[in-house]
Amino acid sequence: MESRQLGRTGRSVGVVGLGCWQLGADWGSVDDDVALSVLAAAVDAGVTFLDTADVYGDGRSERLIGRFLAEGEHGELTVATKMGRRADPHTTAAYTLDAFRAWTDRSRENLGVDTLDLVQLHCPPSEVYRRESTYDALDTLVQERRVAAYGVSVETVDEALEAIIRPHVATVQIILNVFRRKPLDEVLPVAQERGVGIIARVPLASGLLSGTYDEHTQFAADDHRSYNRHGDAFDVGETFAGVPFEVGVAAARQVATLTPAGASTAQLALRWIVDQPGVSVVIPGARTPEQARANAAAAALAPIDEETLDGLRGIYDGAIRTHVHDRW
């Protein structure tokens, strides 16, 4: 698999990673053995970047990754986690050095490591990105060797741009897919210029871009695609990339017509992200080993041709733009 520099971390990672939210919670149940087999399948297929968070299953995702790391030799892996969403109430005032120490100590224990490879602020209130004290505290974590590098996970383009200008922010994680294109214009060029890595999340719009759903598809009650369609639990942009489900299903059918022979619609969607200048790694999730292997295989597809790119752009402009472009 092609590797790229992960921003200012000093690390190189495969262009397709693994998002590990599914292995923790909020996507229906995934038992421990299946979760471990997903991790193994991804790494065997060339994945070297795993993304998790301390709130995914209240630490379950981190603990499963820690167990996976402890049970064998897996080569040079980079594990990124996130912190901040454990705060209750989730306010700007909660983002203090003492809290950062406590959150990262818990993640280090869950993952079984002395130093976290990369820790990311987990979509905090926007004011957190504007405070000098935020970055002073993060710098302290690096000095104390709790973390090797830090980045941010953002909801909006404006939050990304606020973080990118900070001298020690290594990476920005942002929603980017064929249904969420605004970062192409306003974030990726600035990040590339400043050497900040881009981690592309929600790459398949919560599965819409797999091309396998229809208007009648049902999800489990404990799946955020059931309970967060209107943003009742967290930012609605995290569920179907903020696209109304029925609109997304219809648009995904159009995307499927552009899929090249020998590839899946999901692989086309992932390859589109890999092709964007400035992207370091894309992090699709997987609930089965087969999904993990298929996602990793997207890295081997040829770059997308101009006719297909024009078609994807037309679908966005005609069906999706009005729902998402000016919101995030």
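Up top is the structure.
My aim in this report is to walk through the structure given alongside it, one point at a time. (Residues numbered from 1 in each chain as written. Predicted model: local features only at pLDDT ≥ 70, side-chain atom pairs only at ≥ 80, totals over all residues. Heavy atoms only, no water.)

1. Regarding the pattern of salt bridges
Then step 1. Following the criterion strictly, the structure yields 25 salt bridges and no others.
Then step 2. Between D32 and R60 there is a salt bridge; the shortest N-O distance is 2.7 Å. In this pair, D32 sits in helix 1 (residues 32-44) while R60 sits in helix 2 (residues 60-70), placing the two residues 28 residues apart along the sequence.
Then step 3. Residue classification places D32 among the partly exposed residues on the basis of a relative accessible area of 34%.
Then step 4. When the shortest N-O distance is used, the salt bridge between E238 and R201 registers 2.6 Å. Of this pair, E238 sits in the loop between helix 9 (224-227) and helix 10 (245-256) while R201 sits in strand 9 (residues 197-201); the two residues are 37 residues apart in sequence, bridging distant segments of the chain.
Then step 5. Residue classification places E238 among the buried residues on the basis of a relative accessible area of 8%.
Then step 6. Looking at R201, the relative accessible area reads 6%, which means it is buried. (Salt bridge = Lys/Arg side-chain N within 4 Å of Asp/Glu carboxyl O. Helix = DSSP H or I, 4+ residues; strand = E, 2+ residues; numbered from the N terminus. Buried < 20%, exposed > 50% of the residue type's maximum accessible area, 1.4 Å probe, protein only.)

2. Observations regarding unusual backbone geometry
Then step 1. Look at the link from D88 to P89: it is a cis peptide, with omega at 10 degrees.
Then step 2. Inspection of the secondary structure assignment puts P89 in the loop between strand 5 (78-83) and helix 3 (97-111).

3. Overview of the sheet that holds strand 3 (residues 18-19)
Then step 1. One open sheet accounts for eight strands, arranged 3-4-5-6-7-8-9-10; its pairing is parallel. Of all strands in the sheet, those bounded by a partner on one side alone are strand 3 and strand 10 (279-282).
Then step 2. Where strand 3 and strand 4 (residues 49-51) come together, two bridges link them in parallel fashion. Looking across to strand 4, one finds that L18 is bridged to L50.
Then step 3. Together, strand 5 and strand 6 (118-122) form the strand contacts of helix 3, whose direction differs from that of strand 5 by roughly 140 degrees. (Pairing = 2+ DSSP bridges. Contact = heavy atoms within 4.5 Å. Axes fitted to C-alpha atoms, helices over the stretch in contact; angles between N-to-C directions.)

4. Comments concerning the packing of helix 2 against helix 3
Axis angle and axis distance: for two packed helices, these are the angle between their axes and the distance between the axes, and together they describe the pair.
Then step 1. Between helix 2 and helix 3, the least distance of the axes is 7 Å, while the angle of their chain directions is 40 degrees. One finds that helix 2 runs oblique with respect to helix 3. The residues of helix 3 that touch helix 2, namely those facing E62, R63, I65, G66 and L69, are R106, S107, N110 and L111.
Then step 2. Looking at the contact of helix 2 with helix 3 residue by residue, the classes come out as three nonpolar, three polar and three charged. (Parallel < 35°, antiparallel > 145°, perpendicular 65-115°, else oblique. Nonpolar A, V, L, I, M, F, W, Y, C, P; charged D, E, K, R; others polar.)

5. Describing the state of the cysteines
Then step 1. Counted according to the given criterion, the structure contains zero disulfides.
Then step 2. Free cysteine C20: the closest other cysteine sulfur is in C123, separated by 16 Å.
Then step 3. Judged by relative accessible area, C123 falls into the buried class, the value being 7%. (Disulfide = S-S within 2.5 Å.)

6. Some details on helix 10
Then step 1. End to end, helix 10 covers 16 Å across twelve residues, agreeing with the expected 16 Å (1.5 Å per residue, within 8%).
Then step 2. Every buried residue of helix 10 is accounted for by F245, G248, V249, A251, A252 and V255.
Then step 3. Buried residues belonging to helix 10 abut helix 11 (265-274) and helix 13 (306-324). (Expected span 1.5 Å × (residues − 1).)

7. Points about the environment of V154
Then step 1. Along the chain, the position of V154 falls in the loop between strand 7 (150-153) and helix 6 (157-164).
Then step 2. Sequence separation between V154 and L121 is 33 residues, and the spatial gap between their C-alpha atoms is 8.1 Å.
Then step 3. Excluding its chain neighbours within four sequence positions, the residues that come into contact with V154 are C123, Y129, E159, A160, V172, Q173, I174 and R201.

8. What to know about the pairing of strand 6
Then step 1. Counting buried positions over the five residues of strand 6 gives five, a clear majority of the element.
Then step 2. The sheet contact formed by strand 5 and strand 6 spans four bridges and is parallel. Residue pairing across strands places M83 opposite L121, the latter belonging to strand 6.
Then step 3. For the handedness criterion, the β-α-β arrangement of strand 5, helix 3 and strand 6 is classed as right-handed.
Then step 4. With four bridges joining them, strand 6 and strand 7 adopt parallel strand pairing. (Right-handed = clockwise from strand over helix to strand, strands pointing away.)

Geometric descriptors of this kind do not, in isolation, establish any biological role.
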